[in-house]
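Summary of structural features
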Amino acid sequence: MSELATERAIDRSKMSVSENVAIQITNMNKWYGAFHVLRDINLTIYEGERIVVCGPSGSGKSTLIRCINRLEEHQAGQIVVDGIELTSDLKNIDKIRSEVGMVFQHFNLFPHLTILENCTLAPIWVRKVPRKEAEETAMHFLEKVKIPEQALKYPGQLSGGQQQRVAIARSLCMKPKIMLFDEPTSALDPEMIKEVLDTMIELAEEGMTMICVTHEMGFARQVANRVIFMDQGQIVEQNEPEPFFNNPQSERTKLFLSQILGH
Amino acid sequence: MSNLSYVRTEMLGEQSPPGTAIGIVGWLRANLFSNWLNTILTLVSLVFIYQVFAAILPWLIHSSWTANSLQECRAQVDAAYGMAAEGGCWAVIRERYLQLVFGFYPSELYWRPILAFGLTLVALAPILFTALPRKMLWLSPFAPFVVPWLLWGGTVWVPLLVVAGLGLAYVVTRVLSSHVSGLLAVPVAALVAILWWLYAVMPVNDAVTAMIANQRIPDVSADMRDKVEILPGEIAALDAQIAALGQTVGRAEAEKDALVSALEAAETEAARTAVLSAIHELRGPRDALAALEKQRLVRNEELSRARTLLAGLEALPENRTTRETLLAQLANATGAARGDLEARLATVDNRIASVVKEVGRVGLIPVESRRFGGFMLSITIGLVAITASLPIGVMLALGRQSDLLILRAICVGFIEFIRGVPLITLLFVASVLLNYFLPPGTSFDIILRVMIMVTLFASAYMAEVIRGGLAALPKGQYEAADALGLDYWKAQRLIIMPQALKISIPGIVSTFIGVFKDTTLVSIIGLLDPLGLSNAIRANTAWNGIVWELYGFIALMFFVFCFSMSRYSMYLERKLRTGHR
């Protein structure tokens with residue numbers, strides 16, 4: 001897993017981190033019943049950042065990014081996304097969700113709709129974009145993820161890697177400001193992981209704010225500007241990729257990295 | 001260790017399969033005689049099928065279609081196929097099929113249920129088959145208002161006012177949703193519509209009818225007077241014709257009976273032909289007699305209606321004066337005298353109202369619910385229950401999965417209660433108890449009450465079937481819909497329900513079929529569905545003792561409907577299959 005995500009050199013011309021805060025999480029806590037999943041999370045993410053969140057399973061990394069678009073509800077603390085605070089106000093939640101794209105481990109495409117319909121559904125019904133325009137946008141993004149020829153097929157007819165790329169295109173069709181990736185390659189065969197990572201790298205090269213939960217350390221090394229290591233519901237260590245991998249500070253991080261990289 | 005290395009040097013071409021694996025022989029071997037156990041099973045099944053057909057086919061072939069009683073059927077079969085032959089008596093279906101289809105619906109108004117049925121089919125077609133032109137969908141929303149009006153008749157204002165209630169609800173929604181949130185606007189609009197239907201539709205209808213009645217009264221009086229003068233003469237003429245024809249038919253019947261006895265005594269070829277030709281010749285006069293009797297019945301009904309109306313019209317000024325007097329007396333009266341006066345006032349009001357209703361009606365002749373029957377009744381109740389139970393079931397299923405505790409408790413309670421009670425009990429509640437729970441003065445039509453109960457019953461089952469479909473959906477579908485910013489209702493409509501309903505199609509259609517067949521239970525509370533009618537037909541002396549033909553016909557009709565639904569569900573499943581999941 002330590003090998004590089006891509007052989008080519010990455011174009012960093014548009015990868016710039018701005019001064020504007022995209023997501024501000026302060027003293028956030030979450031419990032599942034009595035179980036304390038997320039403990040006092042403090043995190044500021046700036047526009048243009050590419051953050052990789054890693055950690056052993058059960059460390060709360062998925063829960064953390066699912067809190068950002070309120071798929072999970074936090075019980076204490078504050079989350080501000082794009083200047084809007086996440087509360088139980090449904091209007092704010094829907095507003096934030098339409099600005100934040102999310103890609104899931106199991107793709108979660110809508111199996112009863114064609115690829116094109118999957119991509120145009122949210123723009124038409126949430127953004128009220130005219131159908132024709134939505135279809136043009138969808139084709140644009142499907143071309144970007146290199147599967148325009150599959151537009152009229154159903155998700156069930158595509159391979160896992162293709163489905164995940166459609167899922168990315170579907171999120172992009174909403175023109176989101178932030179993209180969340182929840183283990184996007186964990187359910188894929190090795191040869192398909194690469195095609196999805198390529199898509200993600202291209203997205204990063206265009207300056208998208210991205211938060212990825214992933215075990216692809218090659219991707220973290222090459223693309224991320226910050227790596228966050230979580231364990232037992234808390235942020236244990238965060239740093240730029242180079243020092244993070246070469247010179248981890250915490251014992252837990254060292255142990256984790258040795259397990260995941262040390263073959 | 002031997003050498004494990006192997007390299008193929010020559011690739012094999014395609015070869016045809018052995019002769020025993022293809023063609024008719026291959027098919028027989030694979031499907032009927034694949035081993036000795038299957039061979040035995042095949043042979044036993046063939047013997048069984050032969051036995052069944054050997055028993056049924058002669059009975060079907062040796063059947064009588066023209067007789068007018070069970071005895072005559074037997075005589076006809078005996079004469080045609082010999083004394084030992086067993087044959088079906090389908091003549092009962094020929095004679096009574098109209099009754100089995102329409103119940104006691106007035107025969108001169110049969111066009112109305114037929115038109116209503118056709119309209120229903122046209123309205124349903126574009127919903128069931130997406131290949132049909134989408135413009136047909138414009139007709140569908142009108143069917144629920146036009147069809148009941150065609151069936152029950154009455155003034156044209158009622159369906160229009162009911163539609164107006166929907167328009168009112170729409171306006172209220174539009175006005176409110178710009179001020180308050182949509183969550184509040186929809187229930188308020190629904191409430192306004194319900195209040196309109198309960199408290200405005202009938203008064204407005206009555207007012208319009210009264211206005212028209214006042215203009216029409218002179219014309220109608222003259223018309224009725226003419227009728228009362230002319231009709232008795234026509235009826236007397238018909239009576240004479242019927243008496244004359246009746247004597248001829250009576251003589252022919254007696255001759256036929258003698259011939260049948262002769263055939264039973266001595267079974268000769270000549271006797272057989274004589275019986276068959278006697279029965280054949282009877283057909284014409286019998287049909288003519290029946291037609292005449294029907295004409296007389298229609299005339300008699302018309303006459304009695306004209307007489308009643310005329311009497312009412314003549315008493316109208318007097319009734320109106322009485323009404324004024326009673327009102328004046330009522331102002332000062334107290335205690336028992338007051339109650340008495342109120343009762344008298346109500347009687348007078350009723351007399352005036354019934355005349356006004358009859359004279360001022362713009363629309364169709366009303367048909368009472370007790371005249372409904374047969375398959376028309378089954379289809380009406382079944383179709384209403386089927387179409388209404390699906391949306392209600394969806395709502396109940398969603399309510400049962402809701403996070404709102406009280407809403408969920410209500411839905412669970414409703415579903416479990418209804419599922420825990422036999423339909424018969426609910427029907428008895430509809431026929432006997434429901435009126436006690438309604439505000440005094442409101443009288444619900446019995447068929448409407450039954451429809452409500454059957455719909456509620458079906459909805460509870462539907463809710464559970466749909467809940468099964470919802471449970472089969474992966475959680476990821478909800479999350480993906482949420483993550484794209486779709487709100488609850490949009491997510492349900494666009495993502496969740498299309499998939500959940502698709503998964504539930506077999507269960508939904510099973511429930512539909514069950515509901516349609518359960519409509520026969522209404523015979524227990526005295527409604528004349530096909531089974532109720534079959535009892536009435538069997539009680540007739542001519543058809544006493546007939547079983548197989550009647551129930552066979554009813555079973556066949558039900559089978560046709562249920563099998564069509566089942567095939568449609570398979571078609572739908574095939575059409576909605578999108579790739580492999």
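To be clear, the structure that these remarks concern was listed above.
Attention in this report is confined to the structure presented alongside it. Everything quoted here is computed from the prediction, not taken from an experiment.

**Notes on the overall build of chain A**
Along chain A, the regular secondary structure elements total nine helices and 10 strands. What you see for chain A is a C-alpha radius of gyration of 18 Å, in line with the 18 Å of a compact globule of 263 residues. If you line up chain A on its principal axes, its C-alpha atoms span 55 × 45 × 35 Å. Counting every position in chain A, which comprises 263 residues, the buried fraction comes to 57%. Taking the contacts inside chain A whose residues are at least 6 apart along the sequence as the reference set, 70% of them involve residues at least 24 apart. Accessible surface, chain A as shown: approximately 11,200 Å² in total, 49% of it carbon and sulfur. Charged side chains of chain A number 28 positive and 35 negative; the gap between the two group centres comes to 4 Å.

**Focus: the state of the cysteines**
For the coordinates displayed, the defined rule picks out one disulfide over all chains. Covalently, Cys73(B) is tied to Cys89(B) through a disulfide, its sulfur atoms 1.9 Å apart. Measuring handedness by torsion sign, the sulfur bridge of Cys73(B) and Cys89(B) sits at about 65° and is right-handed. Here Cys89(B) lies in the loop between α3 (70-81) and α4 (91-102) and Cys73(B) lies in helix α3, a separation of 16 residues in the sequence. Cys119(A) takes part in no disulfide bond, and the closest cysteine sulfur, belonging to Cys173(A), lies 4.5 Å away.

**Section: the sheet that holds strand β5 (residues 84-85) of chain A**
Residue and element names in this part refer to chain A. Within the open sheet, the four strands sit side by side as β2-β1-β4-β5. Their pairing is antiparallel. What marks the edges here is a single partner per strand, and that holds for β2 (35-46) and β5. Sheet analysis places strand β4 (residues 76-81) next to β5, joined by two bridges and oriented antiparallel. Across the sheet, Val80 pairs through a bridge with Glu85, a residue of β5.

**What to know about empty space enclosed by the protein**
Empty space left among the atoms is revealed by rolling a probe the size of a water molecule over them. In total, this model carries three cavities of 30 Å³ or more according to the counting rule given. Computed from the structure, the largest cavity encloses a volume of approximately 50 Å³. Every residue along the wall of the largest cavity is listed here: Lys144(A), Val145(A), Ile168(A), Leu172(A), Thr199(A), Glu202(A), Leu203(A) and Glu206(A). For the lining of the largest cavity, the elements supplying multiple residues, two or more each, are α5 (160-172) and α6 (190-205) of chain A. Counting residues per element, the lining of the largest cavity draws most heavily on α6(A), which supplies three residues. Residues that form the lining of the largest cavity fall into these classes: four nonpolar, one polar and three charged. Roughly 40 Å³ of volume is contained in the second largest cavity. Around the second largest cavity sit Arg97(A), Ser98(A), Val100(A), Gly101(A), Met102(A), Ser171(A), Met174(A), Pro176(A), Ala483(B) and Leu484(B), which together line it. Elements that contribute at least two residues to the lining of the second largest cavity include exactly α2 (90-99) and β6 (100-103) of chain A.

**Some remarks on the interface of chain A and chain B**
Facing 24 residues of chain A, the contacting portion of chain B comprises 22 residues. In total, chain A and chain B occlude about 2,100 Å² of area from one another, counting both sides; carbon and sulfur atoms represent 65% of this. Summed over the shared surface of chain A and chain B, the result is one salt bridge. Close ionic contact of Glu479(B) with Arg66(A) constitutes a salt bridge, the shortest N to O distance being 2.5 Å. At the boundary of chain A and chain B, one finds six residue pairs in polar contact (both at pLDDT 80 or more).

Rules used in this analysis
- Residues numbered from 1 in each chain as written.
- Chains lettered and ligands numbered in written order.
- Predicted model: local features only at pLDDT ≥ 70, side-chain atom pairs only at ≥ 80, totals over all residues.
- Heavy atoms only, no water.
- Helix = DSSP H or I, 4+ residues; strand = E, 2+ residues; numbered from the N terminus.
- Rg over C-alpha atoms; globule rule 2.2 N^0.38 Å.
- Buried < 20%, exposed > 50% of the residue type's maximum accessible area, 1.4 Å probe, protein only.
- Contact = heavy atoms within 4.5 Å.
- Areas by Shrake-Rupley, 256 points an atom, 1.4 Å probe, with all protein chains shown as cover.
- Lys, Arg positive; Asp, Glu negative; His and termini not counted.
- Charge placed at Lys NZ, Arg CZ, Asp CG, Glu CD.
- Disulfide = S-S within 2.5 Å.
- Pairing = 2+ DSSP bridges.
- 1 Å grid on protein atoms, 1.4 Å probe; cavity = no way out; pocket = protein on both sides within 12 Å on 5 of 7 lines; lining within 4 Å.
- Points joined across faces, edges and corners; volume = space filled by probe spheres on them.
- Nonpolar A, V, L, I, M, F, W, Y, C, P; charged D, E, K, R; others polar.
- Buried area = accessible area lost by both parts, 1.4 Å probe.
- Salt bridge = Lys/Arg side-chain N within 4 Å of Asp/Glu carboxyl O.
- Polar contact = N/O pair within 3.5 Å; in protein donor to acceptor, adjacent residues only side chain to side chain.

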